[in-house]
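A closer look at the structure
What follows is each chain in one-letter form.
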Amino acid sequence: MKLRILKSAVTNPWFNLATEDWIFQALDPDSHTLFLWRNSETVVIGRSQNPWVECKIDKMEADDVFLARRQSGGGAVFHDLGNTNFTFLSPKDDYDQEANFTIIINALKKLGIDADLSGRNDMQVGDKKISGSAFKHAADRSFHHGTLLVNANMQKLGDYLNPHPLKLKAKGIKSVRARVANLVEFNEDINHETLSEAIIEAFCEYYGDTAPVEELDEASLAKQPTLNKYYQQMADWDWRFGKTPEFTHHIETRFDWCIIDLHLDVKQAVIRDVVIFSDALNVELIDLLKDTLTGIKYDKHEIKAKFDELGKAHPELAAQIDDVSVWLLGEMEG
């Protein structure tokens, strides 16, 4: 069976995740395919996760950190240029998950690192996790991807993945934190290039064959319409936020002028239902707040814009509207 080796020269996570989907959906499955890639600073969440629960969205925006949602399951992870990511695609009837782990473990041995499989999904050195994996299967093909911590910024991992304790009752999957270590702790000379070369060598050795390395870049989008379609999906707000499982956000506070107890029901990242309990004397204000929030995206920029418009339309209520706006947006901060 022939081999195919792809390597991304792009660090945009939407491109790389789109390439994974392209590999899984569109490539000929009658080969063993290896794809190696890495991302600029990114939080990647699983298909069934809530970004507002998993991530500090505001801090990510301020620091130009990407948010990406992958097609497969699993928990939230932080990627930066200190991560090397690998993807294996094989025909369903010739898929061997153990073989994939063996290839990675053999590659690490070439670099003087003894790693072991831990459970079904992870690899570790000693008692430290250095790699996690996820899997996907279709009728004729199987897919295994994972990440290796090479020299990742562990401080930032904590910065972006430790969420603000919002009062959210979320459906879906929450991540479990684990003890982790970078591979440079075990070999200070390791980097993305040396690790990629070792993985390619171990891949070819395992299957007893060779293949040229195909370099992927932005021009690949123009050459492959299907890949470009997947890229547009990965970059789209509706995919990254709109695919969030249903959740509720309940907050309450006391202003000088009233108490507000606010309940937001959010489906596909759109506020579908708003309930406000309040002792405010001005019932019109409460109705206006409810009408303004209903049907808009659960997105700070959109909510702020709508409240700004409301304040201009009702200058006599602008001070109270601004109070509510500042409070709600503050509660949404990650």
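In short, a report on the structure. (Residues numbered from 1 in each chain as written. Predicted model: local features only at pLDDT ≥ 70, side-chain atom pairs only at ≥ 80, totals over all residues. Heavy atoms only, no water.)

A few points about the overall build of the protein
- Secondary structure assignment for the protein yields 12 helices and 15 strands.
- Taking all 334 residues of the protein together, the buried fraction comes to 51%.
- Within the protein, counting contacts between residues at least 6 apart in sequence, those at least 24 apart form 72% of the total.
- As displayed, the protein has an accessible area near 15,200 Å², and 47% of this comes from carbon and sulfur atoms.
- In the protein, 37 side chains carry a positive charge and 54 a negative one; their mean positions are 3 Å apart. (Helix = DSSP H or I, 4+ residues; strand = E, 2+ residues; numbered from the N terminus. Buried < 20%, exposed > 50% of the residue type's maximum accessible area, 1.4 Å probe, protein only. Contact = heavy atoms within 4.5 Å. Areas by Shrake-Rupley, 256 points an atom, 1.4 Å probe, with all protein chains shown as cover. Lys, Arg positive; Asp, Glu negative; His and termini not counted. Charge placed at Lys NZ, Arg CZ, Asp CG, Glu CD.)

What to know about the sheet that holds strand β4 (residues 66–69)
- Overall, mixed pairing links the 3 strands, which are arranged β4-β3-β5 in an open sheet. Sheet topology places β4 and β5 (77–79) at the edges, where each strand pairs with a single neighbour. Along the sheet, successive strands turn relative to each other by an average axial angle of 25°, direction set aside.
- The pairing of strand β3 (residues 42–45) with β4 spans 4 bridges and is parallel. Across the sheet, the residue bridging to Thr42 is Phe66, located in β4.
- Strand contacts of helix α5 (residues 154–161): β3 and β5, with the helix running at about 130° to β5, the strand carrying the most contacts. (Pairing = 2+ DSSP bridges. Axes fitted to C-alpha atoms, helices over the stretch in contact; angles between N-to-C directions.)

Considerations on the pairing of strand β8 (residues 122–125)
- Taking every second residue as pointing to the same face, the buried face of β8 carries Met123 and Val125, while none of Asp122 and Gln124 on the other face is buried.
- Taken together, the 3 bridges between strand β7 (residues 116–118) and β8 define a ladder with antiparallel strand orientation. Paired with Ser118 across the strands is Asp122, a residue of β8.
- Between β7 and β8, which pair antiparallel in sequence order, lie 3 residues; one of them, Gly119, sits at a positive phi of approximately 70°.
- Across 4 bridges, the pairing between β8 and strand β9 (residues 128–137) is antiparallel. Following the sheet pairing, Val125 is matched in β9 by Lys128.
- If you look at the hairpin formed by β8 and β9, you'll find 2 residues sitting between the two strands, and Gly126 has a positive phi there, around 65°.

Thoughts on a negative patch on the surface
- A surface patch of negative charge is lined by Asp28, Asp30, Asp93, Asp94, Asp96 and Glu98.
- Along the chain, the position of Glu98 falls in helix α4 (residues 97–110). (Patch = residues over 30% accessible without salt bridge, like charges linked within 9 Å, V, L, I, M, F, W, Y side chains within 5 Å. Salt bridge = Lys/Arg side-chain N within 4 Å of Asp/Glu carboxyl O.)

Some words on the pattern of salt bridges
- Scanning all chains against the criterion turns up 12 salt bridges.
- The partner of Lys129 in a salt bridge is Asp122, and the shortest N-O contact between them spans 3.7 Å.
- Here Asp122 falls in the partly exposed class, since its relative accessible area comes to 22%.
- Where salt bridges share partners, they join Lys110, Glu201 and Glu205 into one cluster.

Section: α5
- Every buried residue belonging to α5 is among Gly158, Tyr160 and Leu161, and all of these are buried.
- Tucked into the core, α5 has its buried residues touching β3, α2 (51–54), α3 (57–62) and β5.
- Capping of α5 at its N-terminal end is provided by Asn153; its side-chain oxygen lies 3.0 Å from the backbone amide nitrogen of Gln155. (Polar contact = N/O pair within 3.5 Å; in protein donor to acceptor, adjacent residues only side chain to side chain.)

A short note on the sheet that holds β7
- If you trace the 8 strands from one edge of the open sheet to the other, you get β7-β8-β9-β10-β6-β2-β1-β12, paired in mixed fashion. Here the strands that pair on one side only, and so sit at the sheet edges, are β7 and β12 (213–216). Strand after strand, the sheet turns through a mean of 25° between neighbouring axes, direction not considered.

A few points about the nonpolar core
- Grouped together as the largest cluster of nonpolar side chains are 44 residues, with contacts concentrated most on Ile260, Leu262 and Leu293.
- Among residues more than four places away in sequence, those in contact with Leu262 are His249, His250, Ile251, Val274, Val275, Ile276, Leu293, Trp327 and Leu328.
- Counting residues in each nonpolar core, the second largest holds 33 residues, with Leu3, Leu111, Leu195 and Phe203 among its members. (Core = buried A, V, L, I, M, F, W, Y, C linked by side-chain atoms within 4.5 Å.)

Observations concerning empty space enclosed by the protein
- Overall, the coordinates contain 2 cavities of 30 Å³ or more when judged by the stated rule.
- Quantified by volume, the largest cavity comes out at close to 80 Å³.
- Around the largest cavity, the lining residues are Trp52, Ile57, Asp58, Glu61, Phe241, Tyr298, Asp299, Lys300, His301 and Met332.
- Top contributing element to the lining of the largest cavity by residue count: α3, with 3 residues.
- Along the lines of polarity and charge, the residues of the lining of the largest cavity split into 5 nonpolar, 1 polar and 4 charged.
- Of the voids in this model, the second largest cavity is the one considered here, and its volume is about 30 Å³.
- Contributing to the lining of the second largest cavity are Glu20, Asp21, Arg70, Gln71, Ser72, Lys136, Phe143 and His145.
- Mapped onto the lining of the second largest cavity, the elements with two or more residues apiece are α1 (13–26) and β10 (141–149). (1 Å grid on protein atoms, 1.4 Å probe; cavity = no way out; pocket = protein on both sides within 12 Å on 5 of 7 lines; lining within 4 Å. Points joined across faces, edges and corners; volume = space filled by probe spheres on them. Nonpolar A, V, L, I, M, F, W, Y, C, P; charged D, E, K, R; others polar.)

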